[in-house]
Amino acid sequence: MAAKSYLDLKSEVWDTGRCSGCGACVAVCPADALFFDEGEMITSPRSNGYCKQATDSVSCGACYAVCPRIGDQPAETLGNYLEIVSAKAVFDVPRKQSGGAVTAILANALDEGLIDAVVTVTEDHWTLRPSSVVITKSDVLVQQAGSRYSWWVPLLAALKYAIVEKKFRKIAVVGVPCAVQAVDHMRKSDNDLLRPYAKAIRLVVGLFCTETFDYTALIQGKLKAHYKLEPYEIRKLDVKGKLEILKQDGTTTIVPLSELETCIRKGCHFCTDLTAVQSDLSAGAIGSPAGSTTLIVRTQTGKGMLDSAVQHKKLAVATDIDKSAIEKLASSKIRKNSGK
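Conventions we followed
- Residues numbered from 1 in each chain as written.
- Predicted model: local features only at pLDDT ≥ 70, side-chain atom pairs only at ≥ 80, totals over all residues.
- Heavy atoms only, no water.
- Helix = DSSP H or I, 4+ residues; strand = E, 2+ residues; numbered from the N terminus.
- Rg over C-alpha atoms; globule rule 2.2 N^0.38 Å.
- Buried < 20%, exposed > 50% of the residue type's maximum accessible area, 1.4 Å probe, protein only.
- Contact = heavy atoms within 4.5 Å.
- Areas by Shrake-Rupley, 256 points an atom, 1.4 Å probe, with all protein chains shown as cover.
- Lys, Arg positive; Asp, Glu negative; His and termini not counted.
- Charge placed at Lys NZ, Arg CZ, Asp CG, Glu CD.
- Pairing = 2+ DSSP bridges.
- Axes fitted to C-alpha atoms, helices over the stretch in contact; angles between N-to-C directions.
- Core = buried A, V, L, I, M, F, W, Y, C linked by side-chain atoms within 4.5 Å.

A. Examining the overall build of the chain more closely. Within the chain, the secondary structure is distributed over twelve helices and 13 strands. Over its C-alpha trace the chain gives a radius of gyration of 19 Å, about what one expects of a compact globule, namely 20 Å for 340 residues. By principal-axis analysis of the C-alpha atoms, the chain measures approximately 55 × 45 × 35 Å. Split into buried and exposed, the 340 residues of the chain put 53% on the buried side. Restricting to contacts in the chain with at least 6 residues of sequence separation, those with at least 24 account for 71%. As displayed, the chain has an accessible area near 14,600 Å², and 50% of this comes from carbon and sulfur atoms. The chain carries 42 positive and 37 negative side-chain charges, and their two centres are separated by 1 Å.

B. Expanded view of the sheet that holds strand β6 (residues 171–175). The strand order across the open sheet built from eight strands is β5-β4-β6-β7-β11-β12-β3-β13, with neighbouring strands paired in mixed fashion. In this open sheet, the two edge strands, each paired with only one partner strand, are β5 (130–135) and β13 (315–318). Ignoring which end each strand starts from, the neighbouring axes of this sheet average 30° apart. Judged from the five bridges that link them, strand β3 (residues 83–89) and strand β12 (residues 293–297) form a sheet pairing that is antiparallel. Bridge pairing in β12 places I84 opposite I296. Packed onto the sheet, helix α8 (residues 177–188) meets β6 and β7 (201–207) and runs at close to 155° relative to β7.

C. Expanded view of the sheet that holds strand β10 (residues 252–256). As summarised here, the arrangement of the three strands in space is β8-β9-β10, forming an open sheet in which the pairing is antiparallel. At either end of the open sheet lies a strand with only one pairing partner, and these are β8 (234–239) and β10. Averaged over neighbouring strand pairs, the angle between their axes works out to 20° when direction is ignored. Across five bridges, strand β9 (residues 242–247) lies against β10 in antiparallel orientation. By the bridge assignment for β10, K242 is matched with P256. Sheet strands touched by helix α10 (residues 215–226): β8, β9 and β10. Its angle to β8, the strand with the most contacts, is close to 100°.

D. Here's a closer look at the nonpolar core. One finds L156, L159, I171, V173 and M186 to be the most contacted residues of the largest nonpolar core, which totals 34 residues. Elements supplying a minimum of two residues to this core: α2 (24–28), α4 (62–66), β4 (117–123), α7 (159–165), β6, α8, α9 (195–200) and β7. Here this core gets six residues from one element, more than from any other, and that element is α8. Residues within four places of I171 in sequence aside, it is in contact with D116, A117, V119, L159, A162, I163, A200, I201, R202 and L203. Within the second largest apolar cluster, 31 residues are counted, among which are V85, A107, V205 and L281.

If you want it as structure tokens, here you go:
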């Protein structure tokens, strides 16, 4: 049976509003034919009209094979794991989201040569606009720390640059559950075009996520227009049952999530995975004391990276975890988005 092309992806995912916006299809397209426009509520990629398969009948199917919206969605709360701990960075992480544990693990991995690059999302601190990047130095990673999953960016877009252009072969990918699912498809696919990606990705870190917000709708629309907040006035955004905005002057503004419904990406309503169950290591603030990060260690690779960070005194771990809090929120997401 012939592999499916972007036309199938378009009809099944893009045109039905299911697209997560993860950017995996953009990253793996061998013809560089897929791209995202810029603007408010861009719900899916576009094609420049040239597809090796659809145009030249050259077997491909890479974009369809990696899409996280193809097939069944995960229906597990915690997923398989080896252990669950709370952790925090031993050193200072200026813009850490909770305990800075993910930054500590990745910084140690870079310093020790366990990985040679991190594909993640950074932001312009003046505009708060996020972008997909490749980071190879631990000091740069520390300065760019902080979760950017409270608004949308095709975060896997930089993966092609890391693998095809820079030839990195020990890559860590940090992403929300949809991106983690896409990388899992890359790792497990028998599509020859995806094997370089599977071989190059050593570690996948999944971030707990309930939904993501469109950058323009959230920052330029809701916060700037309605709350009179300029992006450069904001130090950190955090979603914990509400949107907490810590400003540069130390004050905090609270925005109820009910006010942000119009800012949520449509594709998020199809996701049932809170804890990124297909990652090597999952991370989030839920279930740990304030100032610590919950880490769900799922694979021996994830455990090895964590243990190395502890051994080199960059990470401290504890066992004071409230698993029921994680399971409660994960179950709520499954109930909310199942059957969409």
